[in-house]
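# Breakdown of the fold
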Protein chains: 2
Amino acid sequence: MNQYDQFKEIIKQAKAYEYAMTVVGWDSSTEAPKGAFARRAEMMGELRKQVLKLKTSSDYQHLVNYLLQHEDELSTEELREIKKAKKTLDKTIKIPQNEIIEYGKLIQLSQKDWEFAKANEDWDGFKGTLAKIIDYNRKFIDYYGFDMEPYDVLLDDYEEGMTMKDFDQFFNTLRVELVPFIKEVLANKKVDEKPYINAKYKASKQKEFCTYLMDVFAFNQDKGGMKTSVHPFTWNTHPSDVRFTTRYLENYVFSSIFAAIHELGHATYEQQIDEKYNDTLLSGGTSMGIHESQSRFYENIIGRSKSFWKTHLPKLKKVFPRQLKDVDVDSFYEAVNRAEASFIRVEADELTYPIHIMLRYEIEKMLFNKEIEVDDLPQIWNDKMEEYLGIRPKTYSEGVLQDVHWSAGLLGYFPTYALGSAYAAQLYYTMKKELNLDELISTNNIKEINNWLQEKVHKFGASKSPKQILKEVTNEDFNAMYYVRFLKEKYTELYLK
Amino acid sequence: MNQYDQFKEIIKQAKAYEYAMTVVGWDSSTEAPKGAFARRAEMMGELRKQVLKLKTSSDYQHLVNYLLQHEDELSTEELREIKKAKKTLDKTIKIPQNEIIEYGKLIQLSQKDWEFAKANEDWDGFKGTLAKIIDYNRKFIDYYGFDMEPYDVLLDDYEEGMTMKDFDQFFNTLRVELVPFIKEVLANKKVDEKPYINAKYKASKQKEFCTYLMDVFAFNQDKGGMKTSVHPFTWNTHPSDVRFTTRYLENYVFSSIFAAIHELGHATYEQQIDEKYNDTLLSGGTSMGIHESQSRFYENIIGRSKSFWKTHLPKLKKVFPRQLKDVDVDSFYEAVNRAEASFIRVEADELTYPIHIMLRYEIEKMLFNKEIEVDDLPQIWNDKMEEYLGIRPKTYSEGVLQDVHWSAGLLGYFPTYALGSAYAAQLYYTMKKELNLDELISTNNIKEINNWLQEKVHKFGASKSPKQILKEVTNEDFNAMYYVRFLKEKYTELYLK
């Protein structure tokens, strides 16, 4: 066996453990009884230990280093794989084992601390924990010793190749172009109340419609399925087993519909990746941002379009004849595209959503540039909220305590949420040159859109970087103006005409 | 670390792999999409390989052998555990690796062969495969080199300590006592047709009643749950995560009800085992027979009793008011206890069921004593059927081809099915001296019965042998006459008075 094959052998063994842990994770999130978890944590700990052992073994380290020194023996994809392996390896072995363990314990406890703090408006009780998390991350970045700015190390974790320079440019564009536009839109807010939005929609009926949506989006149910969970998510072990969840709020039918469409976007990406990557480190979607671009494409560009509801409102009315009696497409299209200034990111509409992300990016950047400390967060948060959206949180849970991410150690992650929508818009304007989207949507041919995405984006898995994909598909580097253009076109039409 | 602790370390690691594989198995049986399975088989193969490697490693072998030679350093339970380990180890390492692999492949294919043969009445196409399976098993028994009769080796696999001598005595009792009694009962068969038995019962409503049954049997839903699958089964990783399935046939409501009660019996056993055995080889129920005694106790002794339906028919009538209008407890009690001569084991009633098992036992015994060969099976099967139940199969699928077991290599397994009911009866007559079952059932206090079973049977897991449990609980060795007595009392009352 040559060195690359030996490397593959180790990867395959680790993949088997990870496969099993992934299935256990699905079970945990969707049905395991609460009594299962203590023992489960022990058993998963044992498996994680084995994966870590494999992926830090001296055999593995030698192979990775050997292969990096013999680039000429590798194909482009193999080299990309080995470089990915090296990056992960460096991050794993450069941090002292005891600090990894301490940090792991901290993160387990901190999420409970955060839950408590959020429920009790207890920022003072939580800020110490958050400061510890930030300190650990600053320290880990030092250990890595990469020749990069600290925050860039975190950003690159979630979006390969994207730096503060790129994100500054992105968010500056949003600040200049979008913030004033949003103010204009919100000032013109129509006060047409639509009581059907919060009417009662039975969960089992919502499920019927979400099942219909799987067919509409040509989701392959031989290779996947839909279930229910508290927080909607997409899950996969390989392209032939991709599942997603939605949730049914009986007083807000849009929640299950748009969660299902969003997750279908993620799930279709995973289903359409070439199976040849299964046993490599190039399996799965290439980045958080590209992944989110697919879910947002489905959710916003397709799912909140007028063509979509022209085609599918009749079905929804059939499922809910009483609630949607007399509702026409125009009203419904407005309803699913309401814009308003609001405090909570996860409830924000398509237009104001990126502003919530911009705020978080700016704060994280200042934290890792050491311009501010944890104590400053609530004030800065509220000031920015007021500056960008004209509203000021009255409680911590409406402001700085609203998201789980920081308590889970997810720092540098938020920006990919806005990036996804911006990527989606750039892809959209390219796609429009080749496909008649409105027609495909109206004739129930979303399969054609899927095919386009498969050929241009999906099938490559992680074998290309996000930047490479965007450049090759759109003939251009990432350009935030497409996103601005998309939102301005849509919301001018909706609100300013 | 002393040797026993080192042994435990290896077991714990293997348990983590097995835990994960068990969860994957649950997912496979209850929801994985069909596309998932090819990759899944590969990944599970990888994990099985690791478990095998661990449990045949020279470290492990040395530890087991060392510990066996130092019995005095071990507690009774530890010694029992090491002996179990040794038995499995011997069976694993004494068979040449290539034959294990060949046999594994054969078994995978043979189940498909059997499915095809059964669907097409193609005994001739299947008998060669079955002969190969029998030959492999005969050969493996030779490899083990145990000082036992060949069929005893197989019997012991599923019911520790039970030999042909024991089973001969058991089935002779049934043959002498039960066969003539059954003929008498069947001759007196009441012809009172009950059309409600096969009325249409909506699956979702059946589910509602089965959910109610979980409460009736005091099943702890914080540590378990119910789902749907093609063949009902119970599944567990440890006492705090025990789940079971049932299935809903819309034209036969008894199927879901008694499957649920049966599986609740298995599931309650697993839930009530002491968690201290989690990391040992003494976790889980002690044998197939004892397990089946718990499910049959629930299903037949509780679930088909008059007290049970006096208490719960009102609820069932509430769920199915139209179908069960005018049905009274006496009629319903008769309905759930119909006895008739029938060809198919899995559809047989409580009274004739053991006769189906006796027939299989006698045939397997002759096969492994080399008194007959595979070619003789259909004729012998049909002759015995005629002799014991007075009916003669007209097709292979009604006779020798009906069960999946042999094609899956499960030889020596069938007898435990009858043994379970017989154990249950023996436990029942002991329990009756201490508890007023009818009263506990009528006052919705099955929890008390569960407590009794926990103290006497469940909590010990596999730390005691089946024979030991029976002896300690009932103050007697296994005695088939309790089973005969139970059936005669019940069916005399039902059919002969």
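Structure report, in brief. (Residues numbered from 1 in each chain as written. Chains lettered and ligands numbered in written order. Predicted model: local features only at pLDDT ≥ 70, side-chain atom pairs only at ≥ 80, totals over all residues. Heavy atoms only, no water.)

## A closer look at the overall build of chain A
What counts is decided by this rule: Under the scheme used here, helices are H or I runs from DSSP no shorter than 4 residues and strands are E runs no shorter than 2 residues, and both carry numbers assigned from the N terminus. For the radius of gyration, the atom set is restricted to C-alpha positions; the globular benchmark scales as 2.2 Å times the number of residues to the power 0.38. Residue contacts are counted whenever heavy atoms from the two residues lie within 4.5 Å of one another.
Tallying secondary structure elements over chain A gives 20 helices and three strands in all. Its C-alpha atoms give chain A a radius of gyration of 23 Å, within 12% of the compact-globule value 23 Å for 497 residues. When the backbone C-alpha atoms are referred to their principal axes, chain A occupies close to 70 × 50 × 50 Å. Long-range contacts, defined here as pairs at least 24 residues apart, represent 73% of the contacts in chain A between residues at least 6 apart.

## What about the pairing of strand E2 (residues 234-238) of chain A?
Here is the rule: Only strands that DSSP links by at least two bridges are regarded as paired with each other.
In terms of strand pairing, E2(A) meets strand E3 (residues 241-246) of chain A through four bridges, oriented antiparallel. Looking at the pairing, A:His238 lines up with A:Asp241 of E3(A).

## Comments concerning the relation of the copies chain A and chain B
Selection rule: When the copies are superposed, the least-squares fit draws on C-alpha atoms of residues that have pLDDT of at least 70 in both.
With an RMSD of 0.0 Å, the operation that places chain A on chain B is a rotation of 180° combined with a shift of 0.0 Å along the axis. Read as a symmetry element, the transformation amounts to a two-fold axis. It is A:Ala20 whose C-alpha, among those of chain A, lies nearest the rotation axis, at 2.8 Å. Interface overlap between copies: 100% of the residues of chain A at the interface are likewise at the interface in chain B, consistent with a symmetric, same-surface contact.

## Here's the deal with the interface of chain A and chain B
For clarity, the threshold we go by: Buried area adds together the accessible area that both of two parts lose upon being put together, with accessible area traced by a 1.4 Å probe. Counted as salt bridges are all cases of a side-chain nitrogen of Lys or Arg within 4 Å of a carboxyl oxygen of Asp or Glu. Between N or O atoms, a polar contact is any pair within 3.5 Å; within protein, one atom must be a potential hydrogen donor and the other a potential acceptor, and residues adjacent in sequence are included only when both atoms are from side chains.
On the chain B side, the residues contacting the 36 residues of chain A number 36 residues. Across the chain A/chain B interface, buried area totals approximately 3200 Å², and carbon plus sulfur atoms make up 56% of it. On inspection of chain A and its partner chain B, the count reaches 14 salt bridges. Connecting chain A to chain B are 25 residue pairs in polar contact (both at pLDDT 80 or more). No other element matches helix H1 (residues 3-30) of chain A, which puts eleven residues into the side of chain A that touches chain B.

## Quick notes on the sheet that holds strand E2 (residues 234-238) of chain B
All names here are of chain B. Applicable threshold: To get an axis, a line is fitted to the C-alpha atoms, and for a helix only the part in contact is used. The angle between two axes follows their N-to-C directions and goes from 0 to 180 degrees.
What the three strands build is an open sheet, ordered E1-E3-E2; its pairing is mixed. At either end of the open sheet lies a strand with only one pairing partner, and these are strand E1 (224-228) and E2. Ignoring strand direction, the axes of neighbouring strands in this sheet form an average angle of 15°. Judged from the five bridges that link them, E1 and strand E3 (residues 241-246) form a sheet pairing that is parallel. Looking at the pairing, Lys227 lines up with Thr245 of E3.

## A few points about empty space enclosed by the protein
Residues and elements named next belong to chain A. Quick note on the threshold: Definitions used throughout: a 1 Å grid over protein atoms alone; a cavity as a set of points that fits a 1.4 Å probe which cannot get out; a pocket as an open set with protein on both sides within 12 Å along at least five of seven lines; a lining residue as one with an atom within 4 Å of a point. Grid points are joined across faces, edges and corners, and a volume is the space filled by probe spheres set on the points. Each residue receives one of three labels: charged for Asp, Glu, Lys and Arg, nonpolar for Ala, Val, Leu, Ile, Met, Phe, Trp, Tyr, Cys and Pro, and polar for the others, Gly being one of them.
Enumeration according to the criterion identifies six cavities of 30 Å³ or more in this entry. In this model, the largest cavity occupies a volume close to 100 Å³. What lines the largest cavity is simply Arg296, Phe297, Asn300, Ile301, Glu350, Tyr353, Pro354, Ser421, Ala424, Ala425, Tyr483 and Phe486. Here the lining of the largest cavity takes four residues from helix H11 (residues 288-302), the largest share from any one element. Here the lining of the largest cavity is composed, by residue class, of eight nonpolar, two polar and two charged.

## Describing the packing of H1(A) against helix H1 (residues 3-30) of chain B
What counts is decided by this rule: Should an angle lie under 35 degrees it is considered roughly parallel, over 145 roughly antiparallel, and from 65 to 115 roughly perpendicular; all remaining angles are considered oblique. Crossings are classed by handedness, with left-handed meaning an anticlockwise turn of the near helix from the far one by less than a right angle and right-handed meaning a clockwise turn.
At a minimum axis distance of 9 Å, the contact between H1(A) and H1(B) shows a crossing angle of 55°. As the angle between them shows, H1(A) and H1(B) are arranged oblique. Of the two possible hands of crossing, H1(A) and H1(B) adopt the one that is left-handed. Where H1(A) abuts H1(B), its residues A:Tyr17, A:Ala20, A:Val23, A:Val24, A:Trp26 and A:Asp27 lie against B:Tyr17, B:Ala20, B:Val23, B:Val24, B:Trp26 and B:Asp27.

## Describing the pattern of salt bridges
Pairing is possible between side chains of opposite charge, provided their charged atoms come close. Selection rule: Here the term buried applies to any residue with accessible area under 20% of the maximum for its type, exposed to any over 50%, and partly exposed to those in between, with areas from a 1.4 Å probe on protein chains only.
Going through the model one piece at a time under the given rule, you end up with 91 salt bridges over all chains. Here A:Lys55 ties to A:Glu18 by a salt bridge, and the two come within 3.3 Å at their closest N and O atoms. Taken together, the residues span a long stretch of sequence, with A:Lys55 in helix H2 (residues 37-56) and A:Glu18 in helix H1 at a distance of 37 residues. The exposure class assigned to A:Glu18 is partly exposed, which follows from its relative accessible area of 27%. One salt bridge in this structure joins B:Lys471 and B:Asp477, with 3.9 Å as the shortest N-O distance. Here B:Lys471 falls in the partly exposed class, since its relative accessible area comes to 40%. Bridged by salt links that share partners, the residues A:Asp27, A:Glu31, A:Arg40, A:Lys227, A:Asp241, A:Arg243, B:Asp27, B:Glu31, B:Arg40, B:Lys227, B:Asp241 and B:Arg243 form one connected network.

## Thoughts on unusual backbone geometry
All names here are of chain B. Although it is not a glycine, Glu121 adopts a positive phi angle of roughly 55°. For Glu121, the position within the fold is in the loop between helix H5 (97-120) and helix H6 (123-144). Of note in the backbone geometry, Asn475 takes a positive phi value of approximately 65° without being a glycine. Within the secondary structure, Asn475 sits in the loop between helix H19 (466-474) and helix H20 (481-495). Since its relative accessible area comes to 69%, Asn475 is described here as exposed.

## Quick word on the packing of helix H2 (residues 37-56) of chain B against helix H4 (residues 76-94) of chain B
All names here are of chain B. Relative to each other, H2 and H4 sit at 110°, their axes nearing to 10 Å. Considered as vectors, H2 and H4 are oriented roughly perpendicular to each other. Relative to H4, the crossing made by H2 is left-handed. Judged by residue contacts, Leu52, Lys55 and Thr56 of H2 engage Leu89, Thr92 and Ile93 from H4.

## Some remarks on the environment of A:Tyr298
Residue and element names in this part refer to chain A. Along the polypeptide, Tyr298 turns up in helix H11. Spatially, the C-alpha atoms of Tyr298 and His266 are 8.8 Å apart, while their sequence positions differ by 32 residues. Here Tyr298 is in contact with Phe217, Ile261, Leu264, Gly265, Thr268, Gly303 and Asn450, once residues within four sequence places are set aside. Within the structure, Tyr298 has its side chain in polar contact with the side chain of Thr268 (distance 3.2 Å).

## Remarks on the sheet that holds strand E1 (residues 224-228) of chain A
Residues and elements named next belong to chain A. Across the sheet, which stays open at both edges, the three strands sit in the order E1-E3-E2 with mixed pairing between neighbours. Unpaired on one side and paired on the other, E1 and E2 mark the two borders of the sheet. Each neighbouring strand pair of the sheet contributes to a mean axis angle of 15°, computed without reference to strand direction. Sheet contacts for H1: E1, E2 and E3; angle to E2, the most-contacted strand, approximately 155°.

## Points about the packing of aromatic side chains
Worth spelling out the cut-off: Note on aromatic pairs: the rings of Phe, Tyr and Trp (six-membered ring only in Trp) are paired at centre separations within 6.5 Å, and the planes decide the class, stacked below 30 degrees, edge-to-face beyond 60, tilted for the rest. Remark: a charge is flagged as sitting over a ring if the NZ atom of Lys or the CZ atom of Arg is within 6 Å of the ring centre and within 35 degrees of the ring normal.
Evaluation of the coordinates by the stated rule reveals 79 aromatic pairs over all chains. Look at B:Tyr151 and B:Tyr361: their rings are 5.9 Å apart centre to centre, the planes differ by 35°, and that puts the pair in the tilted class. Taken together, the positions of B:Tyr151 in helix H7 (residues 150-158) and B:Tyr361 in helix H14 (residues 353-368) put the pair 210 residues apart, joining distant regions of the chain. Taken together, the ring pairs connect A:Tyr196, A:Phe209, A:Tyr212, A:Phe217, A:Tyr252, A:Phe254, A:Phe258, A:Tyr298, A:Phe308, A:Trp309 and A:Phe332 into an aromatic cluster. The ring of A:Tyr429 has A:Arg485 lying over it, and the distance from NZ or CZ to the ring centre is 3.8 Å.

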